[in-house]
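# Summary of the model geometry
As a plain string of letters, each chain reads:
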Amino acid sequence: MSDTPSPLPWYKDGLRFECTGCGQCCTGSPGYVWLNEEDIKTLTDQLGLEREEFIRLYTRSVYGRLALLEHPKTYDCVFLEGNKCKVYKARPQQCRTFPWWPEHLTSPEAWAEAAKRCEGINHPNAPIVPFGVIEEQSH
């Protein structure tokens, strides 16, 4: 067994991304925005709701976990209004860390596939996000 550290990932020089505010990551095909306790606390504080009321109004139970509701026909997030997030400052961790999800970082091909659904990925005017920031956000 070698003590040589593993090589840095393919995105070691950073990746080009900047949110354009298009709202595409909040709509489209069905999916789940999973909530942890910190997310629930932050959202209830911003909305001025008790935990139970927030859960009743804005969540669903899926596989024993809580996820945000989505519109049954458009699959828009319950907090998406006119392509803008109504709770942006309190958005869940899953939303805050997009697009730095592990499945998008497995390969250049996976990153390119994510770019098909997000105009901010590889946008020509977007800054290069450094490796350290990507690593921090993806864990």
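Keep in mind that what you see is a predicted model, and the values were worked out from it rather than measured. (Residues numbered from 1 in each chain as written. Predicted model: local features only at pLDDT ≥ 70, side-chain atom pairs only at ≥ 80, totals over all residues. Heavy atoms only, no water.)

## Details of the packing of aromatic side chains
To describe a pair of aromatic rings, you give the distance between the ring centres and the angle between the ring planes. A full pass over the atoms with the stated rule returns 9 aromatic pairs. Aromatic pair Trp10 and Tyr11: ring centres 5.5 Å apart, planes at 85 degrees, arrangement edge-to-face. Looking at Trp10, the relative accessible area reads 31%, which means it is partly exposed. For the pair Tyr32 and Tyr63, a centre-to-centre distance of 6.4 Å together with 70 degrees between the ring planes defines the contact as edge-to-face. Pair noted here: Tyr32 is in the loop between strand 1 (15-16) and helix 1 (37-47) and Tyr63 is in the loop between strand 2 (59-62) and strand 3 (65-68), with a separation of 31 residues, a long-range link. Here the aromatic residues Trp10, Tyr11 and Phe131 are joined through ring pairs into a cluster of three or more. Stacked on the ring of Trp34, the Lys or Arg Arg65 has its end atom at 4.2 Å from the ring centre. When the ring centre of Tyr88 is taken as origin, the NZ or CZ atom of Arg91, which lies over that ring, is 3.8 Å away. (Phe/Tyr/Trp six-rings, centres within 6.5 Å; stacked < 30°, edge-to-face > 60°. Buried < 20%, exposed > 50% of the residue type's maximum accessible area, 1.4 Å probe, protein only. Helix = DSSP H or I, 4+ residues; strand = E, 2+ residues; numbered from the N terminus. Lys NZ or Arg CZ within 6 Å of the ring centre and 35° of its normal.)

## Some remarks on the pairing of strand 3
Where strand 2 meets strand 3, 4 bridges bridge the pair, whose relative direction is antiparallel. When the sheet's bridge partners are listed, Arg60 is paired in strand 3 with Ala67. Adjacent in sequence and paired antiparallel, strand 2 and strand 3 are bridged by 2 residues, among which Tyr63 carries a positive phi angle near 55 degrees. (Pairing = 2+ DSSP bridges.)

## Here we look at the packing of helix 1 against helix 2 (residues 51-58)
The interhelical angle for the contact between helix 1 and helix 2, taken along N-to-C directions, is 95 degrees, at an axis separation of 10 Å. Between helix 1 and helix 2, the angle is such that the two are roughly perpendicular. Contacts between helix 1 and helix 2 involve Glu37, Ile40, Leu43, Thr44 and Leu47 from the first element and Arg51, Phe54 and Tyr58 from the second. Here the contact of helix 1 with helix 2 is built from residues that sort into 5 nonpolar, 1 polar and 2 charged. (Axes fitted to C-alpha atoms, helices over the stretch in contact; angles between N-to-C directions. Parallel < 35°, antiparallel > 145°, perpendicular 65-115°, else oblique. Contact = heavy atoms within 4.5 Å. Nonpolar A, V, L, I, M, F, W, Y, C, P; charged D, E, K, R; others polar.)

Keep in mind these numbers describe shape, not what the thing actually does.
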